[in-house]
Amino acid sequence: MKSTIAKLKTALSRILRPQSSNHSPQVEEVIVDFDDGWSWIPKWSEIFHNKMDVWKTHVENAENGPRVLMATCTGGNSTMTPLEALIAVGLTLRGAKVEFLLCDKVLPACPNMITVGTDDQKEFIEKGPNKCDWCFPAGFKTYEDLGLKIHTLSQWYSSEEVTESKRLANSITFDTIADFEDLGVLIGHHAYTGTLRYFGRGDLNSEPNGLIVLKRYLEAGILTNRALHRLFNDRTFSHTVINQGIYVPQGVVVGAAKKFESTVTVFDVAYRKKSIIVDDWSKNFEEGVEHWKELPWNSEMEMEIQKYLNSRRKGTLDWIQVQSADGPDSVSQISKELGIDFNKPTVGLLTNVIWDAQVFYPTNAFKSMIEWLKITIQYFEQRKDIQLLIRVHPGELQGFVKSRQLAVDEINRMFPKLPENVFVIPPESPINTYAAIEKCNAILIYATTAGIELAGVGYPVIVTGEAWVRNKGFTLDASHESEYIKILDSLPLKPDRLEAEKFVLAQKYAYHHYFRRMIPFEMLDPQNSDNVPYTIKPVGIEGFMPGADVGLDVVCDGILKGTNFYYPYESVQKSSASHEFYTLGSPKH
């Protein structure tokens, strides 16, 4: 699973430390203070309509069912942990015996940790994670009322293995980390990506504490692996469910579960409200075009996807938003602000967050996004007949992990004086991305998900990284630098919008990705809180039963039966909204 998963995660993965409330007392309504660090925890008795005795009977009935490990590990995550509990309830009601795994304040490094400067790095290096006294109890409280077994990491490794983990971690260097394995499970890669995330960078070259932090993440990975080996040997789980599936400890869970021939289901929150995206990582997931290319396309489906893609301009139908809803969206206003003349041929370029691109996406034509930016700007420096408009990803400055390696800084370092025909919109700019590229002849991307929606409204998209849209039949894909340059030489493209057949393919894939891959849970109630994206509605036990929530059915069947994680949107959720829509860029056919 690629990272929709990266952007998705960056915007919603809110992990907080307990704080005191700043809300004023209200007379007529009760305000839930999600910022207190605890109020996001589901109240299962209320959700089950006080029928905990009925729930207990269902738990007992599932005692001999297929065993499922919910390998949460990091319990203090107000986005992921309630979702894992929700899925666990659904699985139990379908006859599975579900057990949880939590870190009980023992790992020397984890995803809850990020840095903003050397002071907090020093504290982390000396003392380890500083959220443990909140994180473990928060995860435990989420699960305990369900009465399902909760394992802790420290139960499953020995003191000798703690010593061994430290010794092994201290022996690694930057040169040896990538291929480091423990008991046949790749650990080094996950430790490295976890460290990149901690620093918010695409490399560790300028981080004096990079190696020592990396050793902490490797030690945590080894400890997790040792615990998982003992746990899997003892319990024999048929299925394993984990959020995100990368970093430490989640990536290690994936490797260990595969070794013990447990199926591996990985999920993350999706863009659309109340939705998650799920993949089967038991195999090397590479979705074939046969899953969407033959969709029975009609005008109603086209209008629905165009309506949704138009909503992406403001994010009105999403709960993950990286685009300002109030920024300048007039082409003439943007032209004046940037000093760009849209009467001249213009090509757009959309970046990824640098650390995100290095963590989530395999390289193709270039070894990194920064190299791609350098080669691209150098090329357009010689093409005075075309303007290049670079939109730096707003997500660099948003979400839980703020980037400490900014694309604008890298561009300024490589080009102290920017070519006159190259224009840059920095991440903090409120300029609407979709309006800015409206007059562009083509769009260059590394791996951004925006490639799906831009192709879906008719733009030619040129891909150099491992983007979702690569190899789908409607983009121009480069696998080598020479191939990329050859594509650039063909600019400006004529016509400047996708031909009819490719446009239909692009719309089908957008429909599949946003409406079928993104699986809604109707019982989720979105909240207007930076720290808590949703709560679970009190739907009663019957609200989790088979047939009550199609999305939950899809997820549980996928885990237990191996069926595709596709929501049958076209047959379940027909839109009743107006079919008036605006097609960005007005595709010409």
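Chemist: Explain the overall build of the protein here, please?
Modeler: Regarding its fold elements, the protein presents 21 helices and 17 strands. Counting across all 589 residues of the protein, residues that qualify as buried make up 61%. Considering only contacts in the protein between residues 6 or more positions apart, those separated by 24 or more positions represent 76%. On the protein, roughly 23,200 Å² of surface is accessible, and the fraction owed to carbon and sulfur atoms is 48%.

Chemist: Help me out: how do you make sense of the packing of aromatic side chains in this one?
Modeler: Ring pairs (aromatic) are described by centroid distance and by the angle formed between their planes. Following the criterion strictly, the structure yields 26 aromatic pairs and no others. Grouping aromatic residues by their ring pairs yields a cluster made of Trp297, Tyr308, Tyr511, Tyr514, Phe515 and Tyr569. Looking at Arg216, its charged tip hangs above the ring of Phe124, at a distance of 5.4 Å from the centre. Taking the ring centre of Tyr308 as reference, the NZ or CZ of Arg272 above it sits at 5.9 Å.

Chemist: Hey, could you run me through the sheet that holds strand β1 (residues 67–73) in this one?
Modeler: Sheet strands line up and pair through hydrogen bonds in the backbone, either parallel or antiparallel. With mixed pairing, seven strands are arranged side by side in an open sheet as β3-β2-β1-β6-β7-β8-β15. The open sheet terminates on both sides in strands that have one partner only, identified here as β3 (150–152) and β15 (518–520). Averaged over all pairs of adjacent strands, the angle between their axes in this sheet comes to 30°, without regard to strand direction. When strand β2 (residues 97–102) meets β3, the two strands line up parallel, connected through three bridges.

Chemist: What should I look at first to understand the sheet that holds strand β13 (residues 461–463) in this one?
Modeler: The six strands are arranged β11-β10-β9-β12-β13-β14 in an open sheet whose pairing can be described as parallel. Edge positions in the sheet fall to β11 (422–425) and β14 (476–477), since each of these pairs with one other strand and no more. Bridge count for strand β10 (residues 387–391) against β11 is four bridges, and the pairing is parallel. Considered in β11, the bridge of Leu389 is made with Phe423.

Chemist: Hey, could you run me through the nonpolar core in this one?
Modeler: The tendency in soluble globular proteins is for nonpolar side chains to be buried side by side. Residues Leu444, Phe521 and Phe544 are the most contacted members of the largest nonpolar core, which totals 119 residues. With 55 residues, the next largest nonpolar core counts Phe124, Ile187, Tyr247 and Ala257 among its residues.

Chemist: Sorry, what's going on with helix α11 (residues 299–311) here?
Modeler: Residue pairs three or four apart in sequence face the same way in an α-helix, which turns once every 3.6 residues. For α11, built from 13 residues, the straight-helix expectation of 18 Å at 1.5 Å per residue is met to within 8% by its first-to-last C-alpha distance of 18 Å. Here α11 has its buried residues at Met301, Glu304, Ile305, Gln306, Tyr308, Leu309 and Ser311. Each element contacted by the buried residues of α11 is listed here: α17 (450–456), α19 (500–517) and α21 (569–572). N-cap assignment for α11: the residue whose side-chain oxygen lies 3.1 Å from the backbone N of Glu300 is Asn298.

Chemist: Would you mind showing me how to read empty space enclosed by the protein here?
Modeler: A water-sized probe, rolled over the atoms, reveals where empty space remains. Within the structure shown, the criterion is met by seven cavities of 30 Å³ or more. In this structure, the second largest cavity spans a volume of roughly 90 Å³. Ranked by residues supplied to the lining of the second largest cavity, first place goes to helix α6 (residues 132–144) with three residues. A per-class count over the lining of the second largest cavity returns eight nonpolar, two polar and two charged.

Chemist: Honestly, the packing of helix α8 (residues 188–199) against helix α9 (residues 210–235) in this entry has me stumped. Any pointers?
Modeler: Helix packing for two helices is described by the angle between their axes and how far apart those axes are. Orientation of α8 relative to α9, taken along the N-to-C sense of each, is 125°, at an axis distance of 8 Å. The orientation of α8 relative to α9 falls into the category oblique. Considering how the two elements wind past one another, α8 and α9 form a crossing that is right-handed. Across the interface between the two elements, Gly188, Ala191, Tyr192, Gly194, Thr195, Tyr198 and Phe199 from α8 touch Gly210, Val213, Leu214, Tyr217 and Leu218 from α9. Residues of the contact of α8 with α9, tallied by class, amount to eight nonpolar, four polar and no charged.

Chemist: Quick question: what am I supposed to make of the environment of Leu295 here?
Modeler: Relative to the helices and strands, Leu295 resides in the loop between β8 (275–280) and α11. Among the residues examined, Leu295 registers a relative accessible area of 8% and is labelled buried. Each C-alpha atom, one on Leu295 and one on Tyr511, is 9.5 Å from the other, the two residues being 216 residues apart in sequence.

Chemist: Just to check I follow, could you spell out the environment of Ala478 for this structure?
Modeler: Here Ala478 lies in the loop between β14 and α18 (481–489). Distance from Ala478 to Gly465, taken between C-alpha atoms, is 8.1 Å for residues 13 residues apart in sequence. Every residue in contact with Ala478, bar those within four places of it in the chain, is listed here: Asn364, Ala365, Val463, Thr464, Arg470, Glu483, Tyr484 and Ile487.

Here is what the cut-offs are and how they apply
- Residues numbered from 1 in each chain as written.
- Predicted model: local features only at pLDDT ≥ 70, side-chain atom pairs only at ≥ 80, totals over all residues.
- Heavy atoms only, no water.
- Helix = DSSP H or I, 4+ residues; strand = E, 2+ residues; numbered from the N terminus.
- Buried < 20%, exposed > 50% of the residue type's maximum accessible area, 1.4 Å probe, protein only.
- Contact = heavy atoms within 4.5 Å.
- Areas by Shrake-Rupley, 256 points an atom, 1.4 Å probe, with all protein chains shown as cover.
- Phe/Tyr/Trp six-rings, centres within 6.5 Å; stacked < 30°, edge-to-face > 60°.
- Lys NZ or Arg CZ within 6 Å of the ring centre and 35° of its normal.
- Pairing = 2+ DSSP bridges.
- Axes fitted to C-alpha atoms, helices over the stretch in contact; angles between N-to-C directions.
- Core = buried A, V, L, I, M, F, W, Y, C linked by side-chain atoms within 4.5 Å.
- Expected span 1.5 Å × (residues − 1).
- Polar contact = N/O pair within 3.5 Å; in protein donor to acceptor, adjacent residues only side chain to side chain.
- 1 Å grid on protein atoms, 1.4 Å probe; cavity = no way out; pocket = protein on both sides within 12 Å on 5 of 7 lines; lining within 4 Å.
- Points joined across faces, edges and corners; volume = space filled by probe spheres on them.
- Nonpolar A, V, L, I, M, F, W, Y, C, P; charged D, E, K, R; others polar.
- Parallel < 35°, antiparallel > 145°, perpendicular 65-115°, else oblique.
- Left-handed = near helix turned anticlockwise from the far one by under 90°.

On their own, these measurements won't tell you what the molecule is for.
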